[in-house]
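Letter by letter, the chains look like this.
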Amino acid sequence: MATGKGLFGSSLARKYWMALTGLFLITFLIVHLAGNLQLFGEGEEVRDSFNLYSKFMTTFPVIKVVSYLLYASILLHAIDGIVLARQNAAARPSKYVKNNAAANSGWASRNMALLGIITLLFIIIHMKSFWYEMHFGNVPTYMIDGEEIKDLHSITVAAFEQLWYTLIYVISMAALGFHLWHGFQSAFQTMGWSHPQYNPIIKGVGKAFAVIVPLLFALIPIVIYLR
Amino acid sequence: MNLTLKVWRQDGPNDKGRMETFKVNDVSEHMSFLEMMDVLNEQIINDGGDPIAFDHDCREGICGMCSMYINGEAHGPGRGVTTCQLHMREFNDGDTIYIEPWRAKAFPVVKDLMVDRSAFDRVIQAGGYVSVNTSGNTQDANAIPIEKENADAAFDAATCIGCGACVATCKNSSAMLFVSAKVSQFSLLPQGEPEAADRVLKMVNQMDLEGFGNCTNTGACEVECPKGISLENIARMNREYLKASLTK
Ligand code: HEM
Ligand code: SF4
Ligand code: FES
């Protein structure tokens with residue numbers, strides 16, 4: 001008897017989509033970071049390799065397909081997250097006069113929507129300055145081995161030489177870190193991938209990921225700014 | 001000890017409600033929280049006032065009726081206790097104590113600290129049972145071999161007393177801990193297993209209809225639950241619902 005709403009509409013289904021898109025975004029963070037790490041380097045060679053990498057990432061067909069999946073995931077995750085947060089707020093119309101939430105739960109777990117929205121604003125700013133420029137803007141070009149290459153590297157460096165941009169970047173990475181501090185293991189719990197033997201590993205890896213990945217992302221603009 | 005109490009008063013479901021302040025003196029540290037409330041109510045009645053309505057029944061931590069949100073926590077500061085099992089020795093002379101009802105759209109206030117928890121009953125009615133033939137030749141339950149680990153987990157889940165502290169404490173007013181305990185206590189046992197897929201679909205569906213929020217895995221419910229029901233049950237329900245959605 002089909003009494004459930006299957007994989008759409010029910011509270012649990014909404015959470016499965018949150019978890020799956022969240023985990024997909026986590027794998028994307030690794031790939032994105034791997035590319036960004038080049039920016040720690042300096043000089044002509046780094047500029048060329050970064051720009052060739054950027055070209056590859058915007059033109060290689062397989063990556064193009066994955067990137068559409070990525071845009072869809074961000075949209076789905078953000079819309080679903082906001083719908084869930086609104087339903088959750090509506091489930092308690094009258095608030096407690098005194099509520100000692102810190103006695104039983106972590107700060108990040110209680111502020112996922114706020115942290116997510118900060119991340120979303122960042123994604124929008126970030127895509128305007130790099131993704132939009134790369135695809136539709138006027139990025140200066142130059143020649144490498146007879147091939148015309150867009151110089152995204154100099155746009156990136158120019159952005160990070162501005163204090164306000166670097167500040168936004170660093171604050172957003174802190175928000176992302178807290179989002180993942182709770183979110184990483186939460187996704188496994190949501191999917192029901194839980195086992196007493198593996199839970200400590202999932203939690204440990206999640207917390208390490210939540211600290212290391214956003215920290216490395218944030219260090220790049222700091223290093224460039226201080227250069 | 002002498003205490004100042006700030007208590008939620010609400011005349012009925014449609015009243016807006018307000019906090020009222022009371023003083024209670026000479027409270028013994030050996031009293032339970034409910035006994036202290038009894039003393040306060042005597043005092044209010046003697047002064048010609050309307051006593052504070054609150055739920056209670058067994059007063060020994062098994063019925064799940066007592067339901068106060070005390071100083072910002074369900075059943076107060078104690079762990080693994082209901083309000084009737086909470087003793088005044090947890091508090092100090094001169095303390096100000098906030099006392100509020102469970103707050104959730106699905107648990108409307110009846111009066112003061114009393115809420116209507118029949119939403120839980122409707123979730124149970126939707127699937128929290130095992131269909132057995134009761135014509136007189138029911139099989140002896142002990143004749144069915146059950147893996148010890150599953151028997152223990154089912155027993156632990158079945159210790160849920162339906163108090164609603166999980167809903168009250170959850171920032172989303174989610175009933176996941178309660179519903180998952182009820183789903184688990186059956187699905188882990190051979191008697192409940194055949195209907196497991198239908199059960200989880202129906203109970204989650206009813207849970208959503210009642211207006212409980214969604215689970216964010218904050219884990220607050222597990223900390224505040226008087227019976228220590230584990231989040232493991234929520235993971236199990238998530239797993240079972242996913243499987244049932246894919247196969248039913
Ligand atoms: C790279 C970006 C992001 C990553 C890697 C990410 C990852 C995650 C993960 C793994 C979860 C846990 C899912 C679960 O509890 O099952 C989560 C939850 C959540 N995310 Fe994100 N997220 C990102 C961006 C966003 C954005 C842009 C929003 C926009 C509003 C958002 C809003 C939320 C909310 C509200 C939750 C909590 C859902 C709940 O448990 O009720 N996230 N995220
Ligand atoms: S799960 Fe715990 S807190 Fe929730 S209703 Fe059952 S006993 Fe009460
Ligand atoms: S009155 Fe029965 S559990 Fe408290």
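Residues numbered from 1 in each chain as written. Chains lettered and ligands numbered in written order. Predicted model: local features only at pLDDT ≥ 70, side-chain atom pairs only at ≥ 80, totals over all residues. Heavy atoms only, no water.

**Student:** What should I look at first to understand the overall build of chain A in this one?
**Tutor:** Tallying secondary structure elements over chain A gives eight helices and two strands in all. Reading chain A from its N terminus to its C terminus gives the helix and strand order α-α-α-α-α-β-β-α-α-α. Taken over 227 residues, chain A has a buried fraction of 43%. Long-range contacts, defined here as pairs at least 24 residues apart, represent 75% of the contacts in chain A between residues at least 6 apart. Total accessible area on chain A is roughly 12,000 Å²; 72% of this is exposed by carbon and sulfur atoms. A gap of 28 Å separates the mean positions of the 16 positive and 11 negative side-chain charges of chain A. (Helix = DSSP H or I, 4+ residues; strand = E, 2+ residues; numbered from the N terminus. Buried < 20%, exposed > 50% of the residue type's maximum accessible area, 1.4 Å probe, protein only. Contact = heavy atoms within 4.5 Å. Areas by Shrake-Rupley, 256 points an atom, 1.4 Å probe, with all protein chains shown as cover. Lys, Arg positive; Asp, Glu negative; His and termini not counted. Charge placed at Lys NZ, Arg CZ, Asp CG, Glu CD.)

**Student:** Would you mind showing me how to read the interface of chain B and chain A here?
**Tutor:** Much of the literature gives interface size as the accessible area that the parts lose upon coming together. Listed by partner, the interface residues are 53 residues for chain B and 39 residues for chain A. Both faces considered, chain B and chain A share a buried interface measuring about 3,800 Å² in area, 51% of it formed by carbon and sulfur atoms. Together, Arg103(B), Asn214(B) and Asn217(B) form the three largest contributors to the area buried by chain B at its contact with chain A, with a combined 16%. Our enumeration of links across chain B and chain A arrives at zero salt bridges. Remark: the boundary between chain B and chain A carries 34 residue pairs in polar contact (both at pLDDT 80 or more). Looking at which element gives the most residues to the side of chain B that touches chain A, the answer is helix 8 (residues 232–247) of chain B, with ten residues. Looking at side-chain class alone, the side of chain B that touches chain A contains 25 nonpolar, 15 polar and 13 charged residues. (Buried area = accessible area lost by both parts, 1.4 Å probe. Salt bridge = Lys/Arg side-chain N within 4 Å of Asp/Glu carboxyl O. Polar contact = N/O pair within 3.5 Å; in protein donor to acceptor, adjacent residues only side chain to side chain. Nonpolar A, V, L, I, M, F, W, Y, C, P; charged D, E, K, R; others polar.)

**Student:** What am I meant to see in the coordination of the iron atom of ligand 1 here?
**Tutor:** Geometry sets the ideal angles at a metal, namely 109.5 degrees for four tetrahedral donors and 90 or 180 degrees for six octahedral donors. All names here are of chain A. The coordination sphere of the iron atom of ligand 1, as far as protein atoms go, consists of His77 (NE2) and His179 (NE2), spread over 2.0 Å. Classification of the site at the iron atom of ligand 1 rests on its six donor atoms, whose angles at the metal span 86 to 179 degrees, yielding the label octahedral. Of this pair, histidine 77 sits in helix 3 (residues 61–90) while histidine 179 is found in helix 7 (residues 163–191), placing the two residues 102 residues apart along the sequence. (Donors = N, O, S within 2.8 Å, 3.2 Å for Na, K, Ca; no water. Tetrahedral: all angles 85-135°; square planar, octahedral: opposite > 155°, others 65-115°.)

**Student:** I would appreciate a short explanation of the layout of surface pockets in the present structure.
**Tutor:** Unfilled space is identified by rolling a water-sized probe across the atoms. Each pocket or cavity is described by its volume, and for the second largest pocket that value is around 490 Å³. Surrounding the second largest pocket, 23 residues form its lining, His182(A), Gln185(A), Lys203(A), Asn217(B) and Leu231(B) being those nearest its centre. Those elements that place two or more of their residues in the lining of the second largest pocket are helix 4 (107–110), helix 7 and helix 8 (199–226) of chain A. For the lining of the second largest pocket, the element with the most residues is helix 7 of chain A, which contributes five residues. For the lining of the second largest pocket, a count of residues per class yields seven nonpolar, twelve polar and four charged. (1 Å grid on protein atoms, 1.4 Å probe; cavity = no way out; pocket = protein on both sides within 12 Å on 5 of 7 lines; lining within 4 Å. Points joined across faces, edges and corners; volume = space filled by probe spheres on them.)

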